[in-house]
Amino acid sequence: MLSRLGALGVAALLAGIGVPASASATTAPAGRTAAPTAEEARLDRAAPREILRESGFDSVAPEFTEALKNARSYDHARRVVVREGRSLWQRAVDRAQGEQQTGISADDDRPLYWARLGMTRALRQWEPDRFALTPERRDRLMGALERSSRGQDSVGHHSRERGHGHVKRILVTGFDPFTLDRDVRISNPSGAAALALDGTTIRTADGPARVEAVVFPVRWDDFADGAVERALRPYLPRVDLFTTISQGRVGKFDIERTNGAWRGGFADNENLSRTGTVPVSDPATQPQWTSTTLPYKEIVAAKTGRFPVYDNTSVTEIPAGGGAPVVRPDGPTEGSTARAGGGGDYLSNEIAYRATLLRDRLGLHDRLPGGHVHTPVLQFGAGNTDPATGDVTDPEFVRNRLDIIAQVRGILRTAASS
């Protein structure tokens, strides 16, 4: 997804971190309406309004606002936030896995994204009548809403399921849509795959495997605040396989062999840029590179769908003793400094780096298969490419997304069988 912006163009641990997630904009003092964030401001455009209306998710933010009005205390408000956040996540999962509804297709990830932003904007601007809400407490409510509405606090892995005996456990992650100022209609197939797969069982050569999924924001500062580690650390020791997923190159899947400790600075969904070494806990022991432990040879060789799958070994590095970045098709050289992993220098590379570093710091490198999968870019139909005049969906757009989701499922089946 968010990957190759920089290295390959827009086609495209931290065991100790415990910083609470925070809103990306400051909260206004009591009595003054808080300004929406850059993400939330896009809600007022025509395409997001149409997506919410066509999916029926346009009721989410107004219902959340009404529920907040009944909060009698901060603790009550927190219960409301968590309940409504989880309800939104489950509603999006149910829609993605249910029969075709009217309006936009069931496989669409965008209703979840835009409805969540409606909720965060409402919470940012809410001034309770019955108690005082400090900026710090509002930030904690925002963090609870983010986690609950992304499935991050409801992962339900069990090693046994009724009638199945032992069941393998797979954890996958997806991303929100991004580059929305280029085209606000954009969908992200990694987020769509997360919704389609969450809670489902895949039949593998070694028996059933249950998939649990979570979704992450496209925001540099959330990653620096430890969002990835906070969400994944409770579960990595309990799963049999994990993969972070994002949108990458046109027309192909990539299994990223190596991830780099570098942020390239491409603007995120808040229009913020961050450049430098990926910020982690205990930087003194931070490696420049981490590697996949997915069975990439088997995945590349398998017939998982209509898109070709590549073992991507390329990185960009500053060689030991050198000063200029060099592209290395076969991976990093000894003592080099990262400038881009196989997945680039944006947030897809960073989530892959953070998740695999967390795997290694938890002592799981040799027994937990995990890494990053890049999906093809999700494209609209040939006659629907103008963001200003185009439709929010079309048959080819839906077909492409469904095929990508199906192939992600096939890749997971192959990986779990290997």
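As a reminder, the structure under discussion sits directly above these lines.
Residues numbered from 1 in each chain as written. Predicted model: local features only at pLDDT ≥ 70, side-chain atom pairs only at ≥ 80, totals over all residues. Heavy atoms only, no water.

Participant: Is there a simple way to explain the overall build of the chain in this structure?
Facilitator: Per the secondary structure count, the chain includes 12 helices and 16 strands. Taken across its 418 residues, the chain has 57% of its residues classed as buried. Of the accessible surface of the chain, which amounts to about 16,400 Å², a share of 49% is contributed by carbon and sulfur atoms. (Helix = DSSP H or I, 4+ residues; strand = E, 2+ residues; numbered from the N terminus. Buried < 20%, exposed > 50% of the residue type's maximum accessible area, 1.4 Å probe, protein only. Areas by Shrake-Rupley, 256 points an atom, 1.4 Å probe, with all protein chains shown as cover.)

Participant: What is the right way to look at the packing of aromatic side chains in this model?
Facilitator: The description of an aromatic ring pair rests on the distance of the ring centres and on the angle between the ring planes. On inspection of all chains with the given rule, the structure shows nine aromatic pairs. With centroids separated by 5.9 Å and ring planes inclined at 70 degrees, the aromatic side chains of W126 and F131 adopt a geometry described as edge-to-face. Accessibility expressed as a relative area gives 15% for F131, which makes it buried. Seen from their ring centres, F178 and Y346 are 6.2 Å apart, and the 40 degrees between their planes marks the pair as tilted. (Phe/Tyr/Trp six-rings, centres within 6.5 Å; stacked < 30°, edge-to-face > 60°.)

Participant: Can you walk me through the packing of helix α3 (residues 60-69) against helix α4 (residues 74-97) in this structure?
Facilitator: Helix-helix packing is characterised by the crossing angle of the two axes and by the distance between the axes. Here α3 crosses α4 at 160 degrees, and the two axes come no closer than 10 Å. Judged by the angle between their axes, α3 and α4 are roughly antiparallel. Note on packing geometry: the crossing formed by α3 with α4 is right-handed. Between α3, through V60, F64, A67 and L68, and α4, the contact on the second element is made entirely by V80, V81, R83, E84, L88 and R91. Considered class by class, the residues forming the contact of α3 with α4 number seven nonpolar, no polar and three charged. (Axes fitted to C-alpha atoms, helices over the stretch in contact; angles between N-to-C directions. Parallel < 35°, antiparallel > 145°, perpendicular 65-115°, else oblique. Left-handed = near helix turned anticlockwise from the far one by under 90°. Contact = heavy atoms within 4.5 Å. Nonpolar A, V, L, I, M, F, W, Y, C, P; charged D, E, K, R; others polar.)

Participant: Can you walk me through the sheet that holds strand β14 (residues 326-328) in this structure?
Facilitator: Two orientations exist for strands paired in a sheet by backbone hydrogen bonds: parallel and antiparallel. Judged by pairing direction, the sheet is antiparallel, and its three strands sit side by side in the order β14-β13-β15 without closing on themselves. Edge positions in the sheet fall to β14 and β15 (337-340), since each has one partner strand and no second. With strand direction ignored, the average angle separating the axes of adjacent strands in the sheet is 45 degrees. Pairing of strand β13 (residues 315-318) with β14 involves three bridges; the strand directions are antiparallel. By the bridge assignment, E317 is partnered in β14 with V326. (Pairing = 2+ DSSP bridges.)

Participant: How should helix α7 (residues 189-197) be read in this particular structure?
Facilitator: The α-helix winds at 3.6 residues per turn, so residues separated by three or four positions along the chain end up facing the same way. Counting buried residues in α7 gives nine out of nine residues, a clear majority hidden from the surface. Among the residues of α7, P189, S190, G191, A192, A193, A194, L195, A196 and L197 are the ones counted as buried.

Participant: Would you mind showing me how to read the nonpolar core here?
Facilitator: Taken as a class, soluble globular proteins show a tendency for nonpolar side chains to be buried jointly. Within the largest apolar cluster, 73 residues are counted, with the highest numbers of intra-cluster contacts made by W114, L123, W126 and L412. It is α4 that provides the largest number of residues to this core, a total of 10 residues. Excluding residues within four positions of it along the chain, L412 makes contact with I170, V172, L197, I202, V211, L241 and T243. Judged by nonpolar contacts, the second largest core, of 23 residues, contains V155, F216, W220 and A355. (Core = buried A, V, L, I, M, F, W, Y, C linked by side-chain atoms within 4.5 Å.)

Participant: In this structure, what is going on with the side chain of S55? I would like to understand it.
Facilitator: For S55, the position within the fold is in helix α2 (residues 46-55). For S55, a relative accessible area of 11% translates into the label buried. At a separation of 2.8 Å, a polar atom in the side chain of S55 contacts the main-chain carbonyl oxygen of I51. Side-chain polar atoms of S55 contact the backbone oxygen of L52, separated by 3.1 Å. Excluding residues that lie within four positions of it along the chain, S55 makes contacts with R95, I104 and P111. (Polar contact = N/O pair within 3.5 Å; in protein donor to acceptor, adjacent residues only side chain to side chain.)

Participant: Just checking my understanding: could you explain the pattern of salt bridges for this structure?
Facilitator: Pairs can form between side chains of opposite charge whenever their charged atoms are close. The full count for this structure, using the stated rule, is 31 salt bridges. The salt bridge involving D240 is made with R169; its shortest N-O contact spans 3.3 Å. In this pair, D240 is assigned in the loop between α9 (227-232) and β6 (241-247) and R169 in strand β3 (residues 168-175), connecting sequence segments 71 residues apart. Given a relative accessible area of 17%, R169 falls into the buried group. (Salt bridge = Lys/Arg side-chain N within 4 Å of Asp/Glu carboxyl O.)

Participant: In this structure, what is going on with the sheet that holds strand β12 (residues 309-312)? I would like to understand it.
Facilitator: Here we have seven strands laid out as an open sheet, ordered β4-β5-β3-β6-β16-β7-β12, and mixed in their pairing. Edge positions in the sheet fall to β4 (201-204) and β12, since each has one partner strand and no second. Across the sheet, the mean angle separating the axes of adjacent strands is 30 degrees when strand polarity is ignored. One ladder, built from eight bridges, connects β3 with strand β5 (residues 207-216); its direction is parallel. Counted as the bridge partner of G174 is V215 from β5. Where α7 meets the sheet, it contacts β3, β5, β6 and β16 (370-375), and its direction lies at approximately 145 degrees from that of β3. In this fold helix α12 (residues 395-417) packs onto β3, β4, β5, β6, β7 (253-256), β12 and β16, with an angle of close to 55 degrees to the strand it touches most, β4.

Participant: What is the right way to read helix α6 (residues 135-149) from this model?
Facilitator: Along its 15 residues, α6 runs 21 Å from first to last C-alpha, staying within 8% of the 21 Å computed at 1.5 Å per residue. By the burial criterion, the buried members of α6 are R138, L141, M142, G143, A144, L145, E146, S148 and S149. Packed against the buried residues of α6 are α1 (38-41), α3, α4 and α5 (110-125). A positive phi of about 75 degrees marks G151, the residue just after α6. (Expected span 1.5 Å × (residues − 1).)

Participant: Just checking my understanding: could you explain the packing of α3 against α5 for this structure?
Facilitator: Look at α3 against α5: their axes get within 8 Å of each other, and the N-to-C directions meet at 30 degrees. Accordingly, the angle class assigned to the pair α3 and α5 is roughly parallel. Seen along the crossing, α3 lies across α5 with a hand that is right-handed. Counting all contacts with α3, which are made through V60, A61, F64, T65 and L68, the residues of α5 involved are A115, G118, M119, A122 and L123. Among the residues forming the contact of α3 with α5, the class breakdown is eight nonpolar, two polar and no charged.

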